[in-house]
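Geometric and topological summary
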Amino acid sequence: MLKGDRLSNIRYDLMICEGLFGHVLEELLAKGNAHDVDRYEKYLKPLFPERLKRFYAEYVVREAPLVPAWKSYGCIMTCLKKITAYSGGEELAREIAAQWRKTFPSMDLIHALDRAGF
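Quantities reported herein were computed from a predicted structural model and do not represent experimental measurements.

1. Overview of the overall build of the protein chain
Looking only at helices and strands, the protein chain features 7 helices and 0 strands. Counted from the first residue to the last, the protein chain has its helices and strands arranged as α-α-α-α-α-α-α. Each of the three principal axes of the protein chain carries a C-alpha extent, and together these read 45 × 30 × 20 Å. In the protein chain, once contacts between residues fewer than 6 apart in sequence are set aside, the share between residues at least 24 apart is 47%. When the accessible surface of the protein chain is summed, it comes to about 7,100 Å², and 57% of that surface belongs to carbon and sulfur atoms. Averaged over its 18 positive side-chain charges, the protein chain has a centre that lies 3 Å from the centre of its 16 negative ones.

Here's what the structure looks like:
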């Protein structure tokens, strides 16, 4: 009944209320949208910290090359900062930032990393 994208948040809310955290996590990870994961992170992080850390790391690595302009780096930097809140995340985020500095010589990205503290 609540299958459409427009109703997915209602479905996730109901699933959270029922304690179906694993199902919510699987669906969110399959969608691959960081905004949706952010909405339910407070429920999922205590139960699945490594999977969420890995999701955010994979998300920023996947999305960084697709960012069209410097103004769009904000979301990527927010996700990169989120990684640091997980165990071992500070080192992982710094590794990703260092790799970006080598791979993407864009001054916009470098300035965004500097402003974010990476």
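2. A word on the packing of aromatic side chains
One pass over the structure, following the stated rule, counts 4 aromatic pairs. Across from the ring centre of Y86, 4.5 Å away, lies the NZ or CZ of K45, which sits over that ring.

3. Observations regarding the side chain of R11
Here R11 is to be found in helix α1 (residues 8-17). Within the local environment of R11, its side chain forms a polar contact with the side chain of E27, the two groups lying 2.5 Å apart.

4. Things to note about the nonpolar core
Residues Y56, V60, M77, L80, I83, W100 and L113 are the most contacted members of the largest nonpolar core, which totals 34 residues. Once residues lying within four places of it in the same chain are set aside, the contact partners of M77 are W100, L109, A112, L113 and A116.

Rules and cut-offs
- Residue positions are given per chain, counted from 1 along the sequence in the order it is written.
- Local features in a predicted model are, by the rule used here, given only for residues with pLDDT of at least 70; side-chain atom pairs are given and counted only at 80 or more, and totals for whole chains, interfaces and linings are based on all residues.
- Side-chain descriptors were evaluated using all non-hydrogen atoms of the structure, hydrogens and water having been removed beforehand.
- Only DSSP runs of H or I with at least four residues qualify as helices, and only runs of E with at least two residues qualify as strands; both kinds are numbered from the N terminus onward.
- Contacts: residue pairs with any heavy atoms within 4.5 Å of one another.
- Each accessible area is a Shrake-Rupley result for a 1.4 Å probe, and residues are judged covered by the shown protein chains and nothing else.
- All tallies of charge rest on Lys and Arg as positive and Asp and Glu as negative; His and the ends of each chain are not included.
- Think of each charge as sitting on NZ of Lys, CZ of Arg, CG of Asp or CD of Glu.
- Planes of paired rings set the category: under 30 degrees apart is stacked, over 60 is edge-to-face and the rest tilted, where pairs are Phe, Tyr or Trp rings (Trp by its six-membered ring) whose centres lie within 6.5 Å.
- The criterion for a charge sitting over a ring is simple: Lys NZ or Arg CZ within 6 Å of the ring centre, and within 35 degrees of the ring normal.
- Here a polar contact means two N or O atoms within 3.5 Å. Within protein one must be a hydrogen donor candidate and the other an acceptor candidate, and residues neighboring in sequence count only if both atoms are side-chain atoms.
- Residues belong to one nonpolar core when they are buried, are Ala, Val, Leu, Ile, Met, Phe, Trp, Tyr or Cys, and are joined through side-chain atoms within 4.5 Å.
- To sort residues, take the accessible area from a 1.4 Å probe on protein chains only and compare it with the maximum for the residue type: under 20% means buried, over 50% means exposed, and anything in between is partly exposed.

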